[in-house]
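# Inside the fold
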Amino acid sequence: MNIPNLLVVPFPVQGHVNPLMNFSQKMVEHGCKITFVNTDFSQKRMMSSEGKQESLEESPTIKLVSIPDGLEADDDRSDLGKLCDSVLSTMPSMLEKVIEEIHVNSGERITCIVADVIMGWALEVGRKLGIKGILFCTASAATFALEYKIPKLIQDGIIDSHGCPITKGTFQISPSMPSMDVKAIWWSNVYNPTTERKIFKYLVHCMQNSNLAKWCICNTTYELEPSALSCVPKLLPVGPLLRSYDKTNVTARSLGQFWEEDHSCIDWLNQQPRCSVLYIAFGSFTLFDQNQFNELALGLDLTNRSFLWVVRQDNKMAFPSEFLGSKGKIVGWTPQLKVLNHPSIACFLSHCGWNSIIEGFSSGVPFLCWPYFTDQFQNRNYICDELKVGLGLNSDENGLVSRWEIKKKLDRLISDEQIRTKSLELKETVMSNIAEGGGSSENVSRLLSWLKS
Ligand code: UDP
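A quick note: this is a predicted structure, and the numbers were derived from the prediction, not measured. (Residues numbered from 1 in each chain as written. Predicted model: local features only at pLDDT ≥ 70, side-chain atom pairs only at ≥ 80, totals over all residues. Heavy atoms only, no water.)

## Notes on the pattern of salt bridges
Inclusion rule: Definition used for salt bridges: Asp or Glu carboxyl oxygen within 4 Å of a side-chain nitrogen of Lys or Arg. Residue burial is assigned from relative accessible area. The probe radius is 1.4 Å, only protein chains are included, and a residue is buried under 20% of its type maximum, exposed over 50%, and partly exposed in between. By definition, any uninterrupted DSSP run of H or I lasting at least four residues is a helix, any uninterrupted run of E lasting at least two residues is a strand, and each is numbered from the N terminus.
In this structure the tally under the stated criterion is 14 salt bridges. The salt bridge involving Lys 82 is made with Asp 75; its shortest N-O contact spans 3.6 Å. Given the relative accessible area of 31%, Lys 82 is considered partly exposed. One salt bridge in this structure joins Arg 403 and Glu 295, with 2.9 Å as the shortest N-O distance. Taken together, the positions of Arg 403 in helix H15 (residues 403-414) and Glu 295 in helix H11 (residues 290-303) put the pair 108 residues apart, joining distant regions of the chain. For Arg 403, a relative accessible area of 23% gives the class partly exposed. Counted as one network, the salt bridges with shared partners bring together Arg 305, Lys 407 and Asp 411.

## Thoughts on the site of the ligand
So the rule is basically this: Note on terminology: near, applied to a residue and a molecule or strand, indicates that one of the residue's heavy atoms is within 4 Å of it. Side-chain atoms alone can form a polar contact between residues adjacent in sequence; in general such a contact is a pair of N or O atoms within 3.5 Å, and within protein one must be able to donate a hydrogen while the other accepts it. Under the convention used here, a 1.4 Å probe and the Shrake-Rupley method define accessible areas, while residue burial counts only the protein chains that appear. Classification convention: Asp, Glu, Lys, Arg as charged; Ala, Val, Leu, Ile, Met, Phe, Trp, Tyr, Cys, Pro as nonpolar; all other residues, Gly among them, as polar.
Around the ligand sit 17 residues, and of these Gln 257, Ser 284, Thr 334, Ser 356 and Glu 359 come closest. One of the side-chain nitrogen or oxygen atoms of Glu 359 is found 2.6 Å away from an oxygen atom of the ligand. The protein chains hide 94% of the 540 Å² of surface that the ligand would expose on its own. Of all elements in the fold, only helix H1 (14-29) and helix H13 (354-363) reach the threshold of two or more residues within the shell around the ligand. In terms of residue count, H13 provides more of the shell around the ligand than any other element does, four residues in total. When its residues are assigned to classes, the shell around the ligand shows four nonpolar, twelve polar and one charged.

## Comments concerning the packing of aromatic side chains
Quick note on the threshold: For this analysis, a ring pair means two rings from Phe, Tyr or Trp (six-membered ring only for Trp) whose centres lie within 6.5 Å, classed as stacked if their planes differ by under 30 degrees, edge-to-face if by over 60, and tilted for the remaining angles.
Going through the model one piece at a time under the given rule, you end up with 21 aromatic pairs. Both rings, one in Trp 259 and one in Trp 333, keep their centres 4.6 Å apart while their planes meet at 35°; by these two values the pair is tilted. Taken together, the residues Trp 259 in the loop between strand S9 (235-237) and helix H10 (264-270) and Trp 333 in the loop between strand S12 (328-331) and helix H12 (336-340) connect sequence positions 74 residues apart. Classification of Trp 259 by relative accessible area gives buried; the value is 10%. By relative accessible area, which is 10% here, Trp 333 ends up buried.

## So, the side chain of Ser 188
Using the following cut-off: In what follows, a contact means two residues having at least one pair of non-hydrogen atoms within 4.5 Å.
Note on placement: Ser 188 falls in the loop between strand S7 (180-181) and helix H8 (193-207). For Ser 188, a relative accessible area of 19% translates into the label buried. In terms of polar contacts, Ser 188 uses its side chain to reach the backbone carbonyl oxygen of Ile 185, at 2.9 Å. Each residue touching Ser 188, except ones within four places of it in the same chain, is listed here: Pro 165 and Glu 196.

## Overview of helix H16 (residues 417-432)
How we decide: Working rule for helices: expected span equals 1.5 Å times residues minus one. Arc, as used here, means the arc of the directions from the helix axis to the C-beta atoms.
The first and last C-alpha atoms of H16 sit 23 Å apart over 16 residues, in line with the 22 Å expected at 1.5 Å per residue. Along H16, the positions that sit buried rather than exposed are Ile 419, Arg 420, Ser 423, Leu 426 and Val 430. Down the axis of H16, the smallest arc covering the buried residues is 120°, so these residues share one side. Opposite its buried face, H16 presents the exposed residues Glu 417, Gln 418 and Glu 428, each directed more than 90 degrees away. The elements touched by buried residues of H16 are strand S13 (345-350), H13, helix H14 (376-387), strand S15 (390-392) and H15.

Laid out in structure tokens, this is it:
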């Protein structure tokens, strides 16, 4: 039987590297070999987060390689338009070279490229070299369906050829799918029209390669998104893809964090009563302005509840002088899945990034939703209006989520037994997918048979 030798290509940001690394680890457990392609920048980030350098070099099954993203060392990589432009002009030729070097140096052939949807150009490189491909969507299936239907959105007059919405209200991607608000189209939620156009142009380029993929896979489940999944041919759910913290077992361990995980928060959680702590984390991109940061901090004091708050090192905001934070712990980066599964966690104040959502569903925690940009608004609507496992925070007339809004919604969420019950039921459904015989496990088996054929 052939051993699948996969080349995995994530978009170089944390929320894309994580699920692709989790998928890689799963495939290693099934006997595949992995070459994981980072940019030099993300590889450096991964290496410098605690103790990783040694473990990365030790790993015999997930080999890391890196190539330049075309930007200077101190360029701002949170400027996504600039990053997309640079990735596309630099990385395809570099990737081709890397694959050829692997073929020559190891005498082994890459048998399949697993490309992040927004690295879809990698499938073009694969076609050139005679390597088959899989497209990996790190967002929801609904988001992928939206991207897949871009030509139809233009044809129906919902967006123009630059991706800008030209209607108001709601639309349906397909008759079986719930209506979507035009305002929630992700590439028009980046707050900078030039960046939005660049991202859209890049996305269209990547999606044009989707026909080169034999399969598209998504970190979701059939029960979560039946209509979105049926909307795109070849789209298989393989979620939830979850991080493994088993550091003693090389094949059972996930890698890839850009920041050092602060495990002292687990000791702190161990000392808190069951179901008492609000976990607050906004992923790897969200940044608040000073006023909003102040409201959040003072809102936490006002709730008079215990909290664990992730304030990343790149946060430039100062804590307001009145802030006490006496019932909380603030850390720079957590082992998030471990935190969410801790018995003392009561609920999750989240920016609604898709990974955080899948991790929250898998842990059975109710959500307090505070979207920041891109697909997070659509994800918020899904959590609050369809699944009903969370509540959304609303902005006031000044565009701020006030401290009183935070307290009001948190009190309401904590006392809502229905939401808690639904969240726990959802956990059972979602997790059953990765048990033996579960929908996602079966899909992974299907992929493996195809890879080995
Ligand atoms: N994450 C983490 N520790 C933290 C905060 C976040 O490990 O303190 C991880 C989280 O588990 C998730 C990823 O970072 O896998 C964030 O991805 P998501 O899609 O939620 O948001 P993004 O960063 O893309 O906005």
